[in-house]
Amino acid sequence: MEISFKGKEALVTGAGKGIGRATALALALCGANVTALSRTQADLDSLVKECPSIVPVCVDLADWKATEAALKNVGPIDLLINNAACAIRQPFLEATPDQFDQSFNVNVKAVLNVSQIVARGMIARGYGGSIVNVSSKASQRALKNHAVYCATKAALDMLTKAMALELGPHQIRVNSVNPTVVMTEMGRQGGWSDPEKAKTMTSRIPLGRFAEVDEVVNSILFLLSDKSTMTNGVSLPLDGGFLAW
Ligand code: NAP
């Protein structure tokens with residue numbers, strides 16, 4: 001199945017590392033003009049070095065106004081991938097208001113902010129578009145020491161549905177991908193490279209393993225593309241069958 005994004009304008013958040021970076025590179029390979037938003041300038045510098053056509057935007061998504069200002073001069077966008085997130089590990093009883101605010105600011109509120117900016121442009125141009133939110137299987141199954149993270153991803157799934165409902169009439173589709181653990185920096189920080197801890201999860205995944213970055217990227221590309229034109233408002237599990245239990 002060939003997917004081409006030739007002539008499309010794409011914006012990927014959290015494109016400095018991990019899934020976002022791989023998505024930005026894959027979109028560029030499929031012909032899209034890619035704007036990559038992230039927080040660490042050095043990551044964006046190395047991304048542009050790897051793929052010089054990518055346009056970098058360095059901003060902290062936790063800052064609503066700074067994000068608005070940073071996106072002011074970004075042109076029309078056809079494809080938006082809300083991928084950036086933070087996963088702060090805290091036992092439920094130790095979760096703090098600061099960590100709560102930081103997590104919801106980046107994982108949910110920034111999605112609202114960036115999507116509003118992009119969707120307003122899509123509506124004004126009248127060509128529709130496609131938005132993919134990178135959620136997690138943690139939106140539907142509790143993960144120990146991740147109470148706030150799980151809550152942000154559950155909120156993101158519902159935001160995805162609400163966006164699909166209101167943006168659908170403008171031919172803007174909104175879906176999410178919901179992966180199990182992926183061995184990015186976030187996956188490693190979650191302690192999943194510890195074989196004992198990994199086993200507690202992989203033993204509950206019928207395919208018996210975590211997801212690869214490329215597997216997540218491929219599903220994002222599918223949902224962005226014209227191969228999924230009737231798919232709107234879904235949260236697509238990428239969990240090797242974990243939720244089938
Ligand atoms: P990652 O390797 O930690 O990369 C996240 C990227 O997002 C980094 O470039 C990071 O920049 C950027 N970012 C974070 N906060 C930001 C902010 N406030 N403003 C701008 N950029 C920010 O994470 P990943 O594993 O690729 O995760 C990508 C997405 O997949 C997330 O939504 C995550 O929740 C989801 N997910 C991941 C897993 C997993 O196991 N890895 C599983 C399910 C879902 P800095 O490094 O500069 O902060």
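Here, residues in each chain are numbered from 1, in the same order as that chain's written sequence. For a predicted model such as this one, the threshold for reporting local features is a pLDDT of at least 70, and the threshold for listing and counting side-chain atom pairs is 80 or more; totals across whole chains, interfaces and linings nevertheless cover every residue. Calculation of side-chain values draws on the structure's entire complement of heavy atoms; hydrogens and water are dropped beforehand.

Colleague: Help me out: how do you make sense of the sheet that holds strand β2 (residues 33–38) in this one?
Modeller: In any sheet, the strands associate via hydrogen bonds between backbone groups, in a parallel or an antiparallel arrangement. Think of it this way: DSSP has to see at least two bridges between two strands before they count as a pair. Helical segments are the DSSP runs of H or I of at least four residues, strand segments are the runs of E of at least two, and each set is numbered from the N terminus. If you trace the seven strands from one edge of the open sheet to the other, you get β3-β2-β1-β4-β5-β6-β7, paired in parallel fashion. Two strands in the sheet have a free side with no partner beyond their single neighbour: β3 (55–58) and β7 (235–238). Looking at each pair of strands side by side, their axes are set apart by 15° on average, direction ignored. Pairing of β2 with β3 involves four bridges; the strand directions are parallel. Paired with Ala36 across the two strands is Pro56, which belongs to β3. Contact between two residues is taken to exist if any of their heavy atoms lie within 4.5 Å; hydrogens are not considered. Interaxial angles span 0 to 180 degrees and are taken between N-to-C directions of axes, which are lines fitted to C-alpha atoms, for helices over the stretch in contact. Its contacts with the sheet put helix α2 (residues 41–50) on β2 and β3, and the angle it makes with β3 is roughly 180°. Packed on one face of the sheet, helix α5 (residues 147–167) meets β5 (129–134), β6 (172–179) and β7 and runs near 160° to β6.

Colleague: Just checking my understanding: could you explain the site of the ligand for this structure?
Modeller: Around the ligand sit 29 residues in total, of which Lys17, Arg39, Thr40, Tyr149 and Thr184 are the nearest. N or O atoms within 3.5 Å of each other form a polar contact, as long as, within protein, one can give a hydrogen and the other can take it, and as long as residues adjacent in sequence are counted only when both atoms are side-chain atoms. Thr184 places a side-chain nitrogen or oxygen 2.4 Å from an oxygen atom of the ligand. Accessible areas in this description were obtained via Shrake-Rupley with a 1.4 Å probe; residue shielding takes into account the shown protein chains only. Burial of the ligand by the protein chains amounts to 93% of its free accessible area of 890 Å². Those elements that provide at least two residues to the shell around the ligand are α1 (18–29), α5 and α6 (185–189). The biggest single contributor to the shell around the ligand is α6, with three residues. Under this grouping Gly is polar, as are all residues other than the nonpolar Ala, Val, Leu, Ile, Met, Phe, Trp, Tyr, Cys and Pro and the charged Asp, Glu, Lys and Arg. Taken together, the residues of the shell around the ligand break down into 13 nonpolar, 11 polar and five charged. Definition of nearness: a residue and a molecule or strand are near each other if at least one heavy atom of the residue lies within 4 Å of the molecule or strand.

Colleague: Mind showing me how you'd approach the packing of aromatic side chains here?
Modeller: We call Phe, Tyr and Trp rings a pair once their centres come within 6.5 Å, taking the six-membered ring for Trp, and we label the pair stacked below 30 degrees between planes, edge-to-face above 60, and tilted otherwise. A full pass over the atoms with the stated rule returns two aromatic pairs. Ring centres of Phe100 and Phe104 lie 4.5 Å apart, and the angle between their planes is 25°; this geometry places the pair in the stacked category. Taken as a pair, Phe100 and Phe104 lie in helix α4 (residues 97–125) at a separation of four residues, close to a single helical turn. Their ring planes at 80° and their centres at 6.0 Å tell us that Trp192 and Phe210 sit as a pair that is edge-to-face. Taken together, the residues Trp192 in the loop between α6 and α7 (195–202) and Phe210 in the loop between α7 and α8 (213–224) connect sequence positions 18 residues apart. Per residue, the accessibility class of Trp192 equals that of Phe210, and both read buried. We count a charge as sitting over a ring when the NZ of a lysine or the CZ of an arginine lies within 6 Å of the ring centre and within 35 degrees of the ring normal. When the ring centre of Phe242 is taken as reference, the NZ or CZ atom of Lys137 above it lies at 4.7 Å. Between Lys197 and the ring centre of Trp192, over which it is positioned, the NZ or CZ distance is 4.3 Å. Working definition: with a 1.4 Å probe on protein chains only, accessible area under 20% of the residue-type maximum means buried, over 50% means exposed, and in between means partly exposed.

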